[in-house]
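Architecture at a glance
Residues per chain, in single letters:
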Amino acid sequence: MRTVLMAMVGACVPWGTLHAQSLEGQWAVLQVCEATQEGARGYTWRYSARVTDGHFVGQFREKGQSPSMTLEGRIKADGTASLSARGISGSAEFNQKFATTATPISFEVIAKFTGTTGTGERVGSRACKFTFTKSG
């Protein structure tokens, strides 16, 4: 009887809700940005993120530090997401057009999450790849 009841409850919950719930928790983010054509150096950032109620929030270093960045947005039921990156840059040698240290950072990331992994790419002029791994 219990198995039948659980099956009936599961049948009443939309697939998208179950999928979104499976993404809840802690995530590790690997952000790899390539060197630019004008010569800015590439870099790799690792930081943690959390998904709560389908809302993704990742934080590289403390807000206000140079460099630092917040990556956030809503993950849709199908696992797709448009994430916004906002923060401040680090040393000019890593920045597009060699912008000065502590220049505002602002770009979008298109991502796809499936189960315990995800991938993403920066939209715009600089090639950056994102790898997401669920860690809890």
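Residues numbered from 1 in each chain as written. Predicted model: local features only at pLDDT ≥ 70, side-chain atom pairs only at ≥ 80, totals over all residues. Heavy atoms only, no water.

**Digging into the pairing of strand 4 (residues 68-74)**
Burial analysis of strand 4 places 5 of its 7 residues in the buried class, the great majority of the element. Here strand 4 pairs with strand 5 (residues 80-88) via 5 bridges, running antiparallel. Counterpart to threonine 70 in the pairing with strand 5 is arginine 86. Joining the antiparallel neighbours strand 4 and strand 5 is a turn of 5 residues, in which glycine 79 adopts a positive phi near 90 degrees. (Buried < 20%, exposed > 50% of the residue type's maximum accessible area, 1.4 Å probe, protein only. Helix = DSSP H or I, 4+ residues; strand = E, 2+ residues; numbered from the N terminus. Pairing = 2+ DSSP bridges.)

**A few points about the pattern of salt bridges**
Applying the stated criterion across every chain, the model contains 3 salt bridges. Here arginine 41 and glutamate 93 are joined by a salt bridge, their closest N and O atoms 2.7 Å apart. A residue pair is termed long-range when its members are at least 10 positions apart, and arginine 41 in the loop between strand 1 (25-33) and strand 2 (43-52) and glutamate 93 in the loop between strand 5 and strand 6 (104-114) qualify at 52 residues. Take arginine 41: its relative accessible area is 46%, and that puts it in the partly exposed class. (Salt bridge = Lys/Arg side-chain N within 4 Å of Asp/Glu carboxyl O.)

**Quick word on the state of the cysteines**
Considering all chains together, one arrives at 1 disulfide under this definition. The disulfide partner of cysteine 33 is cysteine 128, and the S-S distance across this bridge is 2.2 Å. Handedness of the cysteine 33-cysteine 128 disulfide follows from its S-S torsion of about 115 degrees: it is right-handed. A residue pair is termed long-range when its members are at least 10 positions apart, and cysteine 33 in strand 1 and cysteine 128 in strand 8 (residues 128-134) qualify at 95 residues. Looking at cysteine 33, the relative accessible area reads 2%, which means it is buried. (Disulfide = S-S within 2.5 Å.)

**A word on the confidence of the model for the protein chain**
Counting all residues, the mean pLDDT for the protein chain is 89, and 85% of those residues have values of 70 or more. This model gives residues 2-16 a pLDDT under 50, and the stretch forms 4 contacts once residues within four places in sequence are excluded. (pLDDT = per-residue confidence, 0-100. Contact = heavy atoms within 4.5 Å.)

**Remarks on the environment of arginine 126**
Along the chain, arginine 126 falls in the loop between strand 7 (117-123) and strand 8. Residue arginine 126 is classed as buried on the basis of its relative accessible area of 4%. Sequence separation between arginine 126 and alanine 35 is 91 residues; the distance between their C-alpha atoms is 8.2 Å. Residues within four places of arginine 126 in sequence aside, it is in contact with Cys33, Glu34, Ala35, Thr36, Ala40, Arg41, Gly42, Tyr43, Phe94, Asn95 and Gln96. Within polar-contact distance, the side chain of arginine 126 engages the backbone oxygen of glutamate 34 at 3.0 Å. In terms of polar contacts, arginine 126 uses its side chain to reach the backbone carbonyl oxygen of phenylalanine 94, at 2.7 Å. (Polar contact = N/O pair within 3.5 Å; in protein donor to acceptor, adjacent residues only side chain to side chain.)

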